[in-house]
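Understanding the architecture of this molecule
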Amino acid sequence: MRYISNEYKCDPARVMRGIAFSWLTRHLAAVVLPLAALVVASCYDTRFIYVTLILVFIVFPMALTMVWLKEGLAPETVRLSEPQRLVADDRGLTVEYLGRDEDSPSRFAPDFFDWGEFRGISRSSRAVTFQFARKRRPGLVVPTEAFAPEVWETVLSRFDDYVED
């Protein structure tokens, strides 16, 4: 079995949203504990309400901006904004990066991912996300239009236990 997808491009906003969400879930205690302490302190002194608002509307967005700059400029994230094609075979998935136009080839070499590198998948009506076992890496997002529905069923049959509709 060897299936080659149509050319597609990931939406950068969707990729960054996923990266920010995964960062927030990994650092949830650093976000929730100060807020909880400030809410308790505001019961005794109302000035802590202002400190809470400063934390929520100024400090946390600035911290997320730093995360977006660091994670958004990482080579793995930059690759996702390139036009690409997915090749699925018995060994795993290969992502071929295509140039932005016919005259300029892509500067990225193809990435190969063995089937064992994936923890599972998330499936929606717009995209299929292959989740990596290593949590620090963002998932591989593939639009549903990349393959025909019958090809998707064959490719995703490896993940029957993990499919979320």
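It should be emphasised that the depicted structure is a prediction, and the values quoted were computed from it without experimental measurement.

1. A few points about the pairing of strand β6 (residues 127–132)
Relative to β6, strand β5 (residues 118–123) runs antiparallel, the two being bridged by five bridges. Its bridge partner being in β6, arginine 123 is matched across the sheet by valine 128. Of the pairings in the sheet, the one linking β6 to strand β7 (residues 140–143) comprises four bridges and is antiparallel in character. Residue alanine 127 lies in a different strand from β7, and its bridge partner there is proline 143.

2. Focus on the environment of serine 104
Inspection of the secondary structure assignment puts serine 104 in the loop between β3 (92–97) and β4 (111–114). Accessibility expressed as a relative area gives 30% for serine 104, which makes it partly exposed. Separated by 42 residues in the primary sequence, serine 104 and alanine 146 place their C-alpha atoms 23 Å from one another.

3. Considering the pattern of salt bridges
Applying the stated criterion across every chain yields a total of six salt bridges. A salt bridge links arginine 85 to glutamate 96; the shortest N-O distance between them is 3.2 Å. With a gap of eleven residues between them, arginine 85 in strand β2 (residues 84–89) and glutamate 96 in strand β3 connect regions that are remote in the sequence. Arginine 123 serves as the salt-bridge partner of glutamate 153, at 3.1 Å between the closest nitrogen and oxygen. Taken as a pair, glutamate 153 in helix α5 (residues 149–156) and arginine 123 in strand β5 lie far apart in primary sequence, 30 residues in all.

4. Topic: the nonpolar core
Judged by nonpolar contacts, the single largest core of 30 residues is most densely connected at Leu86, Leu93, Phe118, Phe130, Leu140 and Val142. Only α1 (12–26), β2, β3, β5, β6, β7 and α5 provide two or more residues apiece to this core. Residue contacts for leucine 86: discarding those within four places in its chain leaves Tyr3, Ile4, Ser5, Tyr8, Leu93, Thr94, Val95, Leu140, Val142 and Phe147.

5. Section: the confidence of the model for the chain
Counting all residues, the mean pLDDT for the chain is 85, and 94% of those residues have values of 70 or more. For the chain, the element scoring lowest by mean pLDDT is helix α4 (residues 75–80), at 79; helix α2 (residues 28–42) scores highest, at 95.

6. Focus on the packing of aromatic side chains
Each aromatic ring pair is summarised here by two numbers: the centre-to-centre distance and the angle between the ring planes. For the structure shown, the criterion picks out eight aromatic pairs. With a centroid separation of 5.4 Å and 50° between ring planes, the pair formed by phenylalanine 118 and phenylalanine 130 is classed as tilted. Taken together, the positions of phenylalanine 118 in strand β5 and phenylalanine 130 in strand β6 put the pair twelve residues apart, joining distant regions of the chain. Per residue, the accessibility class of phenylalanine 118 equals that of phenylalanine 130, and both read buried. Each residue in the set Phe113, Trp115, Phe118, Phe130, Phe132, Phe147 and Trp152 is aromatic and connected to the rest through ring pairs, giving one cluster. Here the guanidinium or amino end of arginine 91 rests over the ring plane of phenylalanine 112, the centre of that ring lying 4.6 Å away.

7. Structural notes on helix α3 (residues 47–72)
Along an α-helix, residues three or four apart share an orientation, since each turn contains 3.6 residues. Look at α3: 36 Å from first C-alpha to last across 26 residues, which is about the 38 Å you get at 1.5 Å a residue. A bend of about 35° at leucine 55 is the largest found in α3. Of all the positions in α3, only Thr52, Leu55, Val67, Glu71 and Gly72 are classed as buried. Looking at the buried residues of α3, the elements they touch are α1, α2 and α4.

Conventions and cut-offs
Along every chain, residues carry numbers that run from 1 in the direction the sequence is written. In keeping with the model being predicted, local features are shown solely for residues with a pLDDT of at least 70 and side-chain atom pairs are shown and tallied solely at 80 or more, while totals for entire chains, interfaces and linings include all residues. The side-chain quantities take in all heavy atoms of the structure and omit both hydrogens and water. Criterion used throughout: strands pair if DSSP finds at least two bridges between them. A helix here means a DSSP run of H or I that spans at least four residues, while a strand means a run of E at least two residues long, and both kinds are numbered starting from the N terminus. We call a residue buried when its accessible area falls under 20% of the maximum for its residue type, exposed when it is over 50%, and partly exposed in between, using a 1.4 Å probe and counting protein chains only. Whenever a carboxyl oxygen of Asp or Glu lies within 4 Å of a side-chain nitrogen of Lys or Arg, that contact is scored as a salt bridge. Only buried residues count toward a nonpolar core. Its members are Ala, Val, Leu, Ile, Met, Phe, Trp, Tyr and Cys residues joined through side-chain atoms within 4.5 Å. Any pair of residues with heavy atoms lying within 4.5 Å of one another is described as a contacting pair. Per residue, pLDDT measures the predictor's confidence, with a range of 0 to 100. Only centres within 6.5 Å qualify two rings of Phe, Tyr or Trp (six-membered ring in Trp) as a pair; their planes then separate them into stacked at under 30 degrees, edge-to-face at over 60, and tilted for everything else. Geometrically, a lysine NZ or arginine CZ counts as sitting over a ring once it is within 6 Å of the ring centre and also within 35 degrees of the ring normal. Every helix has an expected span of 1.5 Å times one less than the residues it contains. The quantity called bend is, for any residue, the angle between two axes fitted respectively to the seven residues ending at it and the seven beginning at it.

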